[in-house]
Amino acid sequence: MVTQEVFGCLDGRELPLLTLREGPVSVELIPLGAAVRAVRVPDRAGRTLDVCLGYDTPAEYRDQDAALGGTLGRCANRIGGARFTLGGEVYRVTANEGANTLHGGAEGFHQKLWDCAAGEDAVTFSLDSSDGDEGFPGNLHAEVTYTLRGGVLTMAYRASCDRDTVVNLSNHTYFNLAGHDAGSVAGHRVTLGAGRYTPCGAGNVPTGEIAPVDGTPLDLRQGVLLEERLGDPFLEVTHGYDHNFVLDGGELAAAEVYCPATGVALEVRTTLEGIQFYTSGFLTDRRGKGGARYGRAGGLCLETQRFPDAVNHPGFPSPVLRAGETYRETTSWRFFVK
């Protein structure tokens, strides 16, 4: 079922808080950024935990960095040099991370106010992005539908455009399966169904190479307790994990995260080819929901996606959406107790 109440006001406009509920699981959503604000699940003792970092007011979602819970677009992750060539034309998009574009530019989709419509067990957010928005070509219509069924939260992404453009939609929820206010995620065990990754150069922009994870701290195929890896010199530049993994696909889950302290586990599945695993090494100290303090390693993100800077690397799966075609991708989160 879906319930609705007032979340707060932004620029004189009331914003709704929409809650999906099924049994002991509930998910709070807001139209600012089409964001996930809270995910409440039972732990092994039957206590309800909110396992998603978030804020208490609309203004914090608009003004703070880090995109907590937000839907990323028009192009999630990085575009090197804030430029790309499409149809023989060079497009210069907004550089908002040094010389590069990150998560759509100065005002990505996670900072925009989406329209919303609620159904019986689903909420659909929609957004129109005009031609030239942050430098991207074409009038784009994007949608994300959140559905909660059988303990699984599914995000169905759809987009269409009147010109060839670049589309890479993702979600930037920070999870802490010990509770959003529990501090470090170093005690979590993470498994990724990925035998390869995309190495990066300056600015964490891919070089275009696809390399095996064998013999590196990026080999998470058998499951690893994060505290055993986060201090590895290999991860020093990125302050922990902040890497795009090439998913093996097939019947394998993209990722599984488990918190031994609470018994809460999360399984991620997706139709997309990559997943950016980020242990929030660059998350600065800030106030979160209910006065909780968030900071470095306070959450982890599992951003299913096309590869970063894919538009500039012909060997990567293409993020180009052709005029008249429809972008359709799905990611699901299944919460359970071990």
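Residues numbered from 1 in each chain as written. Predicted model: local features only at pLDDT ≥ 70, side-chain atom pairs only at ≥ 80, totals over all residues. Heavy atoms only, no water.

Caption draft 1: Layout of the overall build of the protein chain. Of the regular secondary structure elements, the protein chain holds one helix and 29 strands. Relative to its length of 338 residues, the protein chain is compact, with a C-alpha radius of gyration of 19 Å against a globular reference of 20 Å. On the principal axes, the C-alpha backbone points of the protein chain span a range of 60 × 50 × 35 Å. Each of the 338 residues in the protein chain was classed as buried or not, and the buried ones make up 58%. (Helix = DSSP H or I, 4+ residues; strand = E, 2+ residues; numbered from the N terminus. Rg over C-alpha atoms; globule rule 2.2 N^0.38 Å. Buried < 20%, exposed > 50% of the residue type's maximum accessible area, 1.4 Å probe, protein only.)

Caption draft 2: Up close: the pairing of strand S27 (residues 301–305). Burial analysis of S27 places five of its five residues in the buried class, which makes it a mostly covered element. Burial along S27 is two-sided: the face carrying Cys301, Glu303 and Gln305 and the face carrying Leu302 and Thr304 are both buried. Bridge count for strand S24 (residues 274–278) against S27 is five bridges, and the pairing is antiparallel. Bridged to glycine 274 within S27 is glutamine 305. (Pairing = 2+ DSSP bridges.)

Caption draft 3: Highlighting the pattern of salt bridges. Throughout the structure, instances matching the rule amount to 23 salt bridges. When the shortest N-O distance is used, the salt bridge between aspartate 65 and arginine 286 registers 2.7 Å. You can see aspartate 65 sitting in the loop between helix H1 (58–63) and strand S6 (71–72) and its partner arginine 286 sitting in strand S25 (residues 286–287), a full 221 residues away along the chain. (Salt bridge = Lys/Arg side-chain N within 4 Å of Asp/Glu carboxyl O.)

Caption draft 4: Summary view of the nonpolar core. Counting 63 residues, the largest nonpolar core has Phe245, Phe277 and Leu302 as its most contacted members. One finds Phe7, Leu32, Ala35 and Tyr294 within the second-largest nonpolar core, a separate group that totals 17 residues. (Core = buried A, V, L, I, M, F, W, Y, C linked by side-chain atoms within 4.5 Å.)

Caption draft 5: Highlighting the packing of aromatic side chains. Per the stated rule, a full pass over the model turns up 11 aromatic pairs. One aromatic cluster in this structure is built from Phe7, Tyr55 and Tyr61. Taking the ring centre of phenylalanine 336 as reference, the NZ or CZ of arginine 334 above it sits at 4.2 Å. We note lysine 338 situated over the ring of tyrosine 258; from NZ or CZ to the ring centre the distance is 5.1 Å. (Phe/Tyr/Trp six-rings, centres within 6.5 Å; stacked < 30°, edge-to-face > 60°. Lys NZ or Arg CZ within 6 Å of the ring centre and 35° of its normal.)

Caption draft 6: Highlighting the sheet that holds strand S12 (residues 122–129). If you walk across this open sheet you meet the nine strands as S11-S12-S13-S14-S29-S23-S22-S17-S20, and the pairing is antiparallel. The open sheet terminates on both sides in strands that have one partner only, identified here as strand S11 (115–118) and strand S20 (224–225). Sheet topology note: the S12/strand S13 (residues 140–149) ladder contains eight bridges and is antiparallel. Bridge pairing links serine 126 to glutamate 143 in S13.

Caption draft 7: Examining the layout of surface pockets more closely. The calculated volume of the largest pocket comes to roughly 760 Å³. If you go around the largest pocket, you meet 35 residues; those closest to its centre are Arg78, Glu97, Leu102, Asp242 and Phe282. For the lining of the largest pocket, the secondary structure elements donating two or more residues are strand S21 (242–246) and S24. When the residues that make up the lining of the largest pocket are grouped by side-chain class, the tally is 13 nonpolar, 16 polar and six charged. (1 Å grid on protein atoms, 1.4 Å probe; cavity = no way out; pocket = protein on both sides within 12 Å on 5 of 7 lines; lining within 4 Å. Points joined across faces, edges and corners; volume = space filled by probe spheres on them. Nonpolar A, V, L, I, M, F, W, Y, C, P; charged D, E, K, R; others polar.)

Caption draft 8: Spatial organisation of the sheet that holds strand S3 (residues 25–30). The five strands lie next to each other as S1-S2-S3-S4-S5, forming an open sheet whose pairing is antiparallel. The open sheet terminates on both sides in strands that have one partner only, identified here as strand S1 (2–10) and strand S5 (48–50). Direction aside, the axes of adjacent strands within the sheet are offset by 20 degrees on average. Inspection of the sheet shows strand S4 (residues 35–42) paired to S5 by three bridges, in the antiparallel sense. Bridge assignment links proline 42 to a residue of S5, and that residue is threonine 48. (Axes fitted to C-alpha atoms, helices over the stretch in contact; angles between N-to-C directions.)

Caption draft 9: Spotlight on unusual backbone geometry. The amide bond that connects glycine 73 to the next residue, arginine 74, takes the cis arrangement and shows omega of 0 degrees. One non-glycine residue, histidine 103, lies in the positive phi region at around 50 degrees. Within the fold, histidine 103 resides in the loop between strand S10 (101–102) and S11. One non-glycine residue, aspartate 309, lies in positive phi territory at about 55 degrees. Here aspartate 309 lies in the loop between S27 and strand S28 (320–321).

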